[in-house]
Amino acid sequence: MKYHQIDKNLFIKNRKNFTAKMQPKSLAVFNSNDIYPIGADSTMPFEQARDLFYLSGVDQDKSILVLFPDAPNEKHREMLFLTETNEHIAVWEGEKLTKEKAFEVSGIKNVFWLKDFEKVFFEVMTQCDTVYFNTNEHYRANVETETREARFIKWCKEQYPAHRVAKSNPILQRLRSIKDPIELDLMQQACDITEKAFRRALKFVKPGVWEYEIEAEYWHEMIRNRSRGFAYTPIIASGQNANVLHYIENNQQCKEGELILLDTGAEYANYSSDLSRTIPVSGKYTKRQKEVYNAVNRVKNEATKMLVPGTIWADYHVEVGKLMTSELLGLGLLDKADVQNENPDWPAYKKYFMHGTSHHIGLDTHDYGLLHEPMEASMVFTVEPGIYLPDEGFGIRLEDDVVIQEKGEPFNLMRNIPIEADEIEDIMNS
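Residues numbered from 1 in each chain as written. Predicted model: local features only at pLDDT ≥ 70, side-chain atom pairs only at ≥ 80, totals over all residues. Heavy atoms only, no water.

(A) Structural view of the overall build of the chain. Within the chain, the secondary structure is distributed over 13 helices and 18 strands. Against the globule reference of 22 Å for 430 residues, the chain gives a C-alpha radius of gyration of 24 Å, in line with a compact fold. Across its three principal axes, the chain shows a C-alpha extent of roughly 70 × 50 × 40 Å. Relative to its full complement of 430 residues, the chain shows a buried share of 53%. For the chain, long-range pairs separated by at least 24 residues make up 72% of all intrachain contacts whose partners lie at least 6 apart in sequence. Roughly 20000 Å² of accessible area belongs to the chain as shown, and the carbon and sulfur atoms make up 50% of that amount. (Helix = DSSP H or I, 4+ residues; strand = E, 2+ residues; numbered from the N terminus. Rg over C-alpha atoms; globule rule 2.2 N^0.38 Å. Buried < 20%, exposed > 50% of the residue type's maximum accessible area, 1.4 Å probe, protein only. Contact = heavy atoms within 4.5 Å. Areas by Shrake-Rupley, 256 points an atom, 1.4 Å probe, with all protein chains shown as cover.)

If you want it as structure tokens, here you go:
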């Protein structure tokens, strides 16, 4: 991996927190992701299953973690199963984790080779009553491909039909939503890499450049700072393209007088950042563009202040809607009649701001978190209001990542990334 090795105490603590929530005489299993094929002998770049990484730090395919805190044999209470490395694998694929290196990474002493999994697993299954399966129950999940985890669950149910079944996901939804200080440091690094890439883009953009050229500038800066690249498919949307919320073609030329909406966060050590900025191709906003820009920024700043312990996500969005409605009235985009006659299920402001304002972020860009429960300290949220104006040929979104504090306003992980319109103009013209 490109990133510096993470302190294994993070993963030791995560496992301790998870096993404390397990039922008596139960075990939990976590599988790595597959390497997915493209065609012929080509594959997609490997990305680790986030739950396995969260609990072990292992960033390697064909890996299994088994947790059995009540195991009679102490060696079976935490187990890693890995592909046995050899000289052939080292030459063709690069060195895999040895048992010693796996301990350095994860803090797990009992490391087995994968070929021994079924034998050891049979022994521990005779000693437990319940098995925790790891299913993806994120509210935005849309899984069409059978995962390694799904294949394991199918196999396990066939082999051990008499065991009770439990779900690891509800435990992980809570645990992963509260970030450890080590995780916050990793996310800060992701945000710092994003800052470097954004500042590079500010100096590069001018009339006539292509969206994909800007994307390339980001890639260069991210990779040279130990990132794997973007945490998600980047949006480089000039002009009218910004009014397509998930525009990812990035294949148009940027013209004088247009704005470019950049939704371009870096990852670091599998942790995500999520940044949005909207900049002028010519290095200067028009009067109207700046009016709308500053309105979005005011909504972002006021919305951020609401992210405090105890806030309910749905209530928060209602309040943000009120802020946005006020700004749209000021911009002349809505009038009082629009607001008075609005449909409560689709308020008037939704014509110009149709997406949510905040989501959890962490190992996933849309990270785990139970939205119906009150917000807590050390949760990390995006704040990303926008105004989209197809009739005027531009859209503006501004977004930062912030950490909820015990008291006071959130801590902005992107506090050093330029956002004020005047500062962006100054950098672009310096």
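(B) The layout of surface pockets, seen in detail. Volume-wise, the second largest pocket comes out at about 720 Å³. Together, 24 residues line the second largest pocket, and Met 1, Asp 59, Gln 60, Glu 95 and Lys 96 are the ones closest to its centre. Residue classes in the lining of the second largest pocket are distributed as eleven nonpolar, six polar and seven charged. (1 Å grid on protein atoms, 1.4 Å probe; cavity = no way out; pocket = protein on both sides within 12 Å on 5 of 7 lines; lining within 4 Å. Points joined across faces, edges and corners; volume = space filled by probe spheres on them. Nonpolar A, V, L, I, M, F, W, Y, C, P; charged D, E, K, R; others polar.)

(C) Broad picture of unusual backbone geometry. Residues other than glycine seldom take positive phi values, yet Ala 40 does so here, at roughly 50°. Mapped onto the elements of the fold, Ala 40 is located in the loop between β2 (37-39) and β3 (42-43). Residue Ala 40 is classed as exposed on the basis of its relative accessible area, which comes to 87%. Here the phi dihedral of Ser 378 falls at roughly 75°; this positive angle occurs in a residue that is not glycine. Looking at the element boundaries, Ser 378 is found in the loop between α12 (336-340) and β14 (380-383).

(D) Geometry of the UniProt feature "domain: Aminopeptidase P N-terminal" (unreviewed entry) in the chain. Per the UniProt record, the feature "domain: Aminopeptidase P N-terminal" (unreviewed entry) sits at residues 6-142. End C-alpha to end C-alpha, residues 6-142 measures 30 Å, and it is 30% helix and 20% strand. (UniProt positions renumbered as here; feature names shortened; annotations may be inferred.)

(E) Representation of the pairing of strand β15 (residues 386-389) within the structure. Because side chains alternate across β15, one face comprises the buried residues Gly 386 and Tyr 388, and the other comprises Ile 387 and Leu 389, equally buried. Bridging between β15 and strand β16 (residues 394-397) involves four bridges; their strand directions are antiparallel. Pairing of Leu 389 across the sheet is with Phe 394, part of β16. In this antiparallel pair of consecutive strands, β15 and β16, the connection spans four residues, and Gly 393 shows a positive phi of 80°. (Pairing = 2+ DSSP bridges.)

(F) Broad picture of the sheet that holds strand β18 (residues 411-412). The sheet built from three strands is open, its strands ordered β14-β17-β18 with antiparallel pairing. Either end of the sheet is taken by a strand with one partner, and the two such strands are β14 and β18. With two bridges joining them, strand β17 (residues 400-403) and β18 adopt antiparallel strand pairing. Looking at β18, one finds that Val 402 is bridged to Asn 412.

(G) Looking closely at the environment of Gly 362. On the secondary structure map, Gly 362 appears in the loop between α12 and β14. Take Gly 362: its relative accessible area is 0%, and that puts it in the buried class. In sequence terms Gly 362 and Phe 381 are 19 residues apart; their C-alpha atoms lie 8.7 Å from each other.

(H) Spotlight on the domain arrangement of the chain. Each assigned domain of the chain is listed with its residue range as follows: domain 1 (8-176) and domain 2 (181-429). For domain 1 versus domain 2, the separation of C-alpha centres amounts to 35 Å. Each partner contributes residues to the interface: domain 1 has 18 residues there, and domain 2 has 16 residues. Interface of domain 1 and domain 2: buried area, both sides summed, is about 1800 Å²; carbon and sulfur atoms make up 52% of it. Where domain 1 meets domain 2, there are five salt bridges. Of the charged contacts, one joins Arg 50 and Asp 364 as a salt bridge, the two residues approaching to 3.9 Å between their closest N and O atoms. Linking domain 1 to domain 2 there are twelve residue pairs in polar contact (both at pLDDT 80 or more). Contributing elements (two or more residues each) for the side of domain 1 that touches domain 2: α2 (50-56) and α7 (169-177). In terms of residue count, the dominant contributor to the side of domain 1 that touches domain 2 is α7 (five residues). (Domains from an automatic or database assignment. Buried area = accessible area lost by both parts, 1.4 Å probe. Salt bridge = Lys/Arg side-chain N within 4 Å of Asp/Glu carboxyl O. Polar contact = N/O pair within 3.5 Å; in protein donor to acceptor, adjacent residues only side chain to side chain.)

(I) Representation of the side chain of Arg 148 within the structure. By the secondary structure assignment, Arg 148 is in helix α6 (residues 148-159). A relative accessible area of 19% places Arg 148 in the buried class. Among the polar contacts made by the side chain of Arg 148, one reaches the side chain of Asp 34 at a distance of 3.0 Å. Once residues within four sequence positions are removed from consideration, Arg 148 is found in contact with Asn 31, Ser 32, Asn 33, Asp 34, Lys 62 and Leu 114.

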